[in-house]
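What follows is the residue order along each chain.
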Amino acid sequence: MSEAVPIGGYLPVSFIDWAGHVAPVLFLCGCNFRCPYCHNGDLVEMTSGRLDLEVILEDMKKRSVFLDGLVVSGGEPTIHEGLPGFLSSIKSETGLDIKLDTNGSRPDLLGALVGKSLVDAVSIDVKASWSDYPRIVRGYGRPVSESLELLRSSGIPLEVRTTFVPDLMKIEDLIDIEKQIGPDVRWVIQLFRPGETLDPSLRNGSVPNIEELKKRFPGTILK
Ligand code: SF4
């Protein structure tokens, strides 16, 4: 099971990765996008070490009474065809609810997870206006749009996240993104942070103007 779905990182507890939940986070290796601002280069390039799922399960089982759920993140979890079996095993071993973090590029696999009730909440990234996806993430927007539609109609608790990177996008791009997300969804604008980004040219990149974002998107969560 753990061979098919490589685990590159494990955070035993987080208070910020699933709103209102105390939850460990599993980071799966590999990604099919190449966002220049990504801080998880070791996961994306699959250069991180591999962790043993059995050891992690034992740890979670011991502490399950104190946990509200588990976050499965990446990299991009849905690139792994074994993900449904992987999540099913974790659920039956730990009894924990699972939130999936995804870039939305695999509506087929996401549909299977939702159909089998293997995820209890989803955070999906909407990283750009659909037509701008190739420039921003080196991937395509159409599958992400399908995933978003699927999740919106599923009724599953949903969060949409957009990383605002001033060196790559304008406030007007965020306005387009807000329109394509649609109403009545929890939308989080993540603020770009310089650091060890996939694209070295962004390592000292500009940071967002928080006051301007607050003015233009009142009520939207900035993180
Ligand atoms: S930020 Fe982009 S490249 Fe990095 S893990 Fe997420 S989708 Fe992949």
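Anything mentioned here points back to the structure above.
Reading the values: the criteria
- Residues numbered from 1 in each chain as written.
- Predicted model: local features only at pLDDT ≥ 70, side-chain atom pairs only at ≥ 80, totals over all residues.
- Heavy atoms only, no water.
- Axes fitted to C-alpha atoms, helices over the stretch in contact; angles between N-to-C directions.
- Helix = DSSP H or I, 4+ residues; strand = E, 2+ residues; numbered from the N terminus.
- Parallel < 35°, antiparallel > 145°, perpendicular 65-115°, else oblique.
- Left-handed = near helix turned anticlockwise from the far one by under 90°.
- Contact = heavy atoms within 4.5 Å.
- Nonpolar A, V, L, I, M, F, W, Y, C, P; charged D, E, K, R; others polar.
- Core = buried A, V, L, I, M, F, W, Y, C linked by side-chain atoms within 4.5 Å.
- Buried < 20%, exposed > 50% of the residue type's maximum accessible area, 1.4 Å probe, protein only.
- Near = heavy atom within 4 Å.
- 1 Å grid on protein atoms, 1.4 Å probe; cavity = no way out; pocket = protein on both sides within 12 Å on 5 of 7 lines; lining within 4 Å.
- Sits in = over half its atoms within 2 Å of the grid points.
- Pairing = 2+ DSSP bridges.
- Phe/Tyr/Trp six-rings, centres within 6.5 Å; stacked < 30°, edge-to-face > 60°.
- Patch = residues over 30% accessible without salt bridge, like charges linked within 9 Å, V, L, I, M, F, W, Y side chains within 5 Å.
- Areas by Shrake-Rupley, 256 points an atom, 1.4 Å probe, with all protein chains shown as cover.
- Salt bridge = Lys/Arg side-chain N within 4 Å of Asp/Glu carboxyl O.

Caption draft 1: View of the packing of helix H4 (residues 107-115) against helix H6 (residues 142-154). For the pair H4 and H6, the least separation of the axes is 9 Å and the interaxial angle reads 15 degrees. Looking at the two axes, H4 sits roughly parallel to H6. The hand of the H4/H6 crossing is right-handed. Contacts between H4 and H6 involve Pro107, Leu110, Gly111 and Val114 from the first element and Pro143, Glu146, Ser147, Leu150, Leu151 and Ser154 from the second. For the contact of H4 with H6, the class distribution of residues is six nonpolar, three polar and one charged.

Caption draft 2: Seen up close, the nonpolar core. Counting residues in hydrophobic clusters, the biggest one holds 58 residues, and the most contacted among them are Phe86, Leu87, Ile90 and Val160. With residues near it in sequence (within four places) discarded, Leu87 still touches Val72, Ile98, Leu113, Leu118 and Val119. By size, the runner-up hydrophobic cluster in this structure holds eight residues, among which are Trp18, Cys29, Leu43 and Ala121.

Caption draft 3: Up close: the site of the ligand. Taken together, Cys31, Phe33, Cys35, Cys38, Val44, Gly75, Asn103 and Lys127 form the complete shell of residues around the ligand. Given that more than half its atoms are within 2 Å of the pocket grid, the ligand belongs to the largest pocket. When grouped by side-chain class, the residues that make up the shell around the ligand number five nonpolar, two polar and one charged.

Caption draft 4: Looking closely at the side chain of His80. The residue His80 is located in the loop between strand E3 (70-73) and helix H3 (83-94) in this model. Not counting residues up to four positions away in its chain, the partners in contact with His80 are Ala4, Val5, Pro6, Leu28, Cys29 and Leu109.

Caption draft 5: Representation of the pairing of strand E2 (residues 23-28) in the model. Burial analysis of E2 places six of its six residues in the buried class, the great majority of the element. Side chains Ala23, Val25 and Phe27 of E2 all project onto a buried face; the interleaved residues Pro24, Leu26 and Leu28 project onto the opposite face, where all are buried too. Where strand E1 (residues 7-14) lies against E2, five bridges are found, and the strand directions are antiparallel. Bridge assignment links Tyr10 to a residue of E2, and that residue is Leu26. With three bridges connecting them, E2 and E3 associate as parallel partners. By the bridge assignment for E3, Phe27 is matched with Ser73.

Caption draft 6: Representation of the packing of aromatic side chains within the structure. Overall, the coordinates contain three aromatic pairs when judged by the stated rule. With a centroid separation of 5.6 Å and an interplanar angle of 85 degrees, the aromatic rings of Trp187 and Phe217 are classed as edge-to-face. Highlighted residues: Trp187 in strand E7 (residues 186-191) and Phe217 in the loop between helix H8 (210-216) and strand E8 (221-222), separated in sequence by 30 residues. With a relative accessible area of 3%, Phe217 lands in the buried category. One aromatic cluster in this structure is built from Phe33, Trp130 and Tyr133.

Caption draft 7: Representation of a nonpolar patch on the surface. A surface patch of nonpolar side chains, about 330 Å² in accessible area, is lined by Val13, Phe15 and Ile16. Among the structural elements, Ile16 can be located in the loop between E1 and E2.

Caption draft 8: Structural context of unusual backbone geometry. Of note, the amide linkage connecting Gly74 to Gly75 takes the cis form, showing an omega dihedral of 10 degrees. By secondary structure assignment, the location of Gly75 is in the loop between E3 and H3. Even without being a glycine, Met46 presents a positive backbone phi close to 60 degrees. Its location among the elements puts Met46 in the loop between helix H1 (41-44) and helix H2 (53-63). On the basis of relative accessible area, Met46 is assigned to the partly exposed category, the value being 36%. Positive phi, close to 55 degrees, is recorded for Ser117, a residue that is not glycine. Examined against the element boundaries, Ser117 turns out to sit in the loop between H4 and strand E5 (121-125).

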